[in-house]
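Listed below are the residues making up each chain.
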Amino acid sequence: MSSSDIFIGETIGTAVLILLGGGVCAAVTLKASKARAAGWLAIAFGWGFAVMTAVYISAPLSGAHLNPAVTLALAIKNDDYSNLATYWGGQLLGAMIGAVLVWVAYYGQFLAHLTDSEIVGGPEERTAKAVEAEEPGAGPVLGVFSTGPEIRNVVQNLATEIIGTVVLVLAILTQGLNNNGDGLGVLGALITSFVVVSIGLSLGGPTGYAINPARDLGPRIVHALLPLPNKGGSDWSYAWIPVAGPLIGGAIAAGIYNVAFA
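Residues numbered from 1 in each chain as written. Predicted model: local features only at pLDDT ≥ 70, side-chain atom pairs only at ≥ 80, totals over all residues. Heavy atoms only, no water.

*Asks:* Would you mind going over the overall build of the protein chain with me for this structure?
*Replies:* Counting secondary structure elements, the protein chain contains 12 helices and zero strands. Shown N-terminal to C-terminal, the secondary structure of the protein chain runs as helices and strands in the order α-α-α-α-α-α-α-α-α-α-α-α. What you see for the protein chain is a C-alpha radius of gyration of 18 Å, in line with the 18 Å of a compact globule of 262 residues. For the C-alpha atoms alone, the extent of the protein chain along its principal axes is close to 65 × 35 × 30 Å. When burial is assessed residue by residue, the protein chain has 52% of its 262 residues classed as buried. Accessible surface for the protein chain amounts to roughly 11100 Å². Of this, 65% is attributable to carbon and sulfur atoms. Of the charged side chains in the protein chain, 10 are positive and 16 negative; the average position of the first set lies 7 Å away from that of the second. (Helix = DSSP H or I, 4+ residues; strand = E, 2+ residues; numbered from the N terminus. Rg over C-alpha atoms; globule rule 2.2 N^0.38 Å. Buried < 20%, exposed > 50% of the residue type's maximum accessible area, 1.4 Å probe, protein only. Areas by Shrake-Rupley, 256 points an atom, 1.4 Å probe, with all protein chains shown as cover. Lys, Arg positive; Asp, Glu negative; His and termini not counted. Charge placed at Lys NZ, Arg CZ, Asp CG, Glu CD.)

*Asks:* What's the story with the packing of aromatic side chains in this structure? I'm lost.
*Replies:* Any two aromatic rings considered together are summarised by their centre-to-centre distance and by the angle between their planes. A full pass over the atoms with the stated rule returns five aromatic pairs. A centroid spacing of 6.1 Å and a plane angle of 40° characterise the contact between Phe45 and Phe49, whose relative ring orientation is tilted. Of this pair, Phe45 and Phe49 are both found in helix α2 (residues 40–62), four residues apart, which corresponds to roughly one turn of the helix. Residue classification places Phe45 among the partly exposed residues on the basis of a relative accessible area of 31%. Seen in terms of ring centroids, Trp103 and Tyr107 are 5.8 Å apart; in terms of plane orientation they differ by 75°. Their pairing is edge-to-face. Taking the relative accessible area as the measure of exposure, Trp103 reaches 19% and is therefore buried. Among the residues examined, Tyr107 registers a relative accessible area of 44% and is labelled partly exposed. (Phe/Tyr/Trp six-rings, centres within 6.5 Å; stacked < 30°, edge-to-face > 60°.)

*Asks:* How should I be thinking about the pattern of salt bridges in this particular structure?
*Replies:* Two side chains bearing opposite charge may form a pair once their charged atoms approach each other closely. Evaluation of the coordinates by the stated rule reveals four salt bridges. Across the pair Lys31 and Glu118 runs a salt bridge, and its minimum N-O distance is 2.7 Å. With Lys31 in the loop between α1 (3–29) and α2 and Glu118 in helix α6 (residues 117–120), this pair connects stretches of sequence that are 87 residues apart. On the basis of relative accessible area, Lys31 is assigned to the partly exposed category, the value being 31%. Notably, a salt bridge pairs Asp235 with Arg152, separated by 2.4 Å at the nearest N-O pair. Taken together, the positions of Asp235 in the loop between α11 (213–225) and α12 (241–260) and Arg152 in the loop between α8 (142–145) and α9 (154–176) put the pair 83 residues apart, joining distant regions of the chain. (Salt bridge = Lys/Arg side-chain N within 4 Å of Asp/Glu carboxyl O.)

*Asks:* Help me out: how do you make sense of the nonpolar core in this one?
*Replies:* Grouped burial of nonpolar side chains is what soluble globular proteins tend to show. In this structure, Leu17, Trp47, Phe110, Phe145, Tyr209 and Leu228 are the most contacted members of the largest nonpolar core, which totals 59 residues. In terms of residue count, α9 provides more of this core than any other element does, nine residues in total. (Core = buried A, V, L, I, M, F, W, Y, C linked by side-chain atoms within 4.5 Å.)

*Asks:* Would you mind going over unusual backbone geometry with me for this structure?
*Replies:* Trans is the prevailing form of peptide bonds, just as negative phi is the prevailing case for residues other than glycine. Residues other than glycine seldom take positive phi values, yet Leu66 does so here, at roughly 60°. Take Leu66: it is sitting in the loop between α2 and α3 (68–78). Taking relative accessible area as the criterion, Leu66 reaches 4% and is therefore assigned buried. For Asp235, which is not glycine, the phi torsion reads 55° and is therefore positive. Residue Asp235 is classed as buried on the basis of its relative accessible area of 2%.

*Asks:* I would appreciate a short explanation of α11 in the present structure.
*Replies:* Given 3.6 residues per turn, any residue in an α-helix points the same way as the ones three and four places further on. Taking 1.5 Å as the rise per residue, α11 with 13 residues should run 18 Å; its terminal C-alpha atoms sit 18 Å apart, in good agreement. Along α11, the positions that sit buried rather than exposed are Pro213, Ala214, Arg215, Asp216, Gly218, Pro219, Arg220, Val222 and His223. Lining the buried residues of α11 we find α1, α2, α3, α4 (84–105), α8 and α12. By the N-cap criterion, in which a side-chain oxygen at the helix start approaches the backbone nitrogen of a residue two or three places on, α11 is capped by Asn212, the distance to Ala214 being 3.1 Å. (Expected span 1.5 Å × (residues − 1). Contact = heavy atoms within 4.5 Å. Polar contact = N/O pair within 3.5 Å; in protein donor to acceptor, adjacent residues only side chain to side chain.)

*Asks:* I keep staring at a nonpolar patch on the surface and nothing clicks. Help me out?
*Replies:* A contiguous nonpolar patch, built from Trp40, Leu41, Phe45, Phe49, Tyr56, Val186, Leu187, Leu190, Phe194 and Leu201 and spanning about 970 Å² of accessible area, is present on the exposed surface. Listing elements by their share of the nonpolar patch, those giving two or more residues are α2 and α10 (186–203). (Patch = residues over 30% accessible without salt bridge, like charges linked within 9 Å, V, L, I, M, F, W, Y side chains within 5 Å.)

*Asks:* Just to check I follow, could you spell out the environment of Gly185 for this structure?
*Replies:* Positionally, Gly185 belongs in the loop between α9 and α10. Residue classification places Gly185 among the buried residues on the basis of a relative accessible area of 14%. For the pair Gly185 and Ala59, spaced 126 residues apart in the sequence, the C-alpha separation amounts to 7.3 Å. In this structure Gly185 touches Gly176, Leu177 and Asn178, once residues within four positions along its chain are discounted.

*Asks:* Where do I start with the side chain of His65 in this structure?
*Replies:* Tracing the chain through its elements places His65 in the loop between α2 and α3. By relative accessible area, which is 8% here, His65 ends up buried. A distance of 2.7 Å separates the side chain of His65 from the backbone oxygen of Asp182, its partner in a polar contact. Leave out the neighbours within four places in its chain, and His65 touches Glu10, Val70, Thr71, Leu74, Tyr87, Gln91, Asp182 and Gly183.

Here is the structure:
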């Protein structure tokens, strides 16, 4: 795989991942959406199928890492760090493009949601939700773009992201790789998609299971830049956890694989 193939493949694949994954979050969250309040099960399966679709699209070009934690783990496993920056650059750019596409696809719903008095409060109504929209932390639609904890506890939040990523990456390293061992294979895409669903259902409750630094950071940057009314803050004080946790988890998973399976 050439550097250009890797960058293009990861950009396209991660954009599709975030378009479909962020799309299901928008569908469930935004008030004028037909899928409003469809629930956590819809989100978990939506993200799982998003992974499967993105992998099948990008695997021929880049091996479909789509996740800096996966790229780091494979670099440790293969002792080859030469393409690390190329993969990470494509993944971050793709995540940002995907987040913008979610905004485009749900443009009317975002406006309706963020100008609804029940969501952000009216001129004579100062509800808790209205205050939330003005705080520097998470705003009322940040969950469409990025993750956040239900209970803010740095140690627990970081540990949850590490544990979830270890499960994901170990599944990929043991069951999901192609014949070259440098990316996901055809069967691996299906296995990985169901692992993502399982992680979402079992471990997603505390933090929203980023388990992917680019998936969280790219859309969070886009949330900060988009001209959304009453969008509130992008919760940058929490943003390091869904970046550091998955990277630590990926490194741990690679270490476990090299000791136990290699």
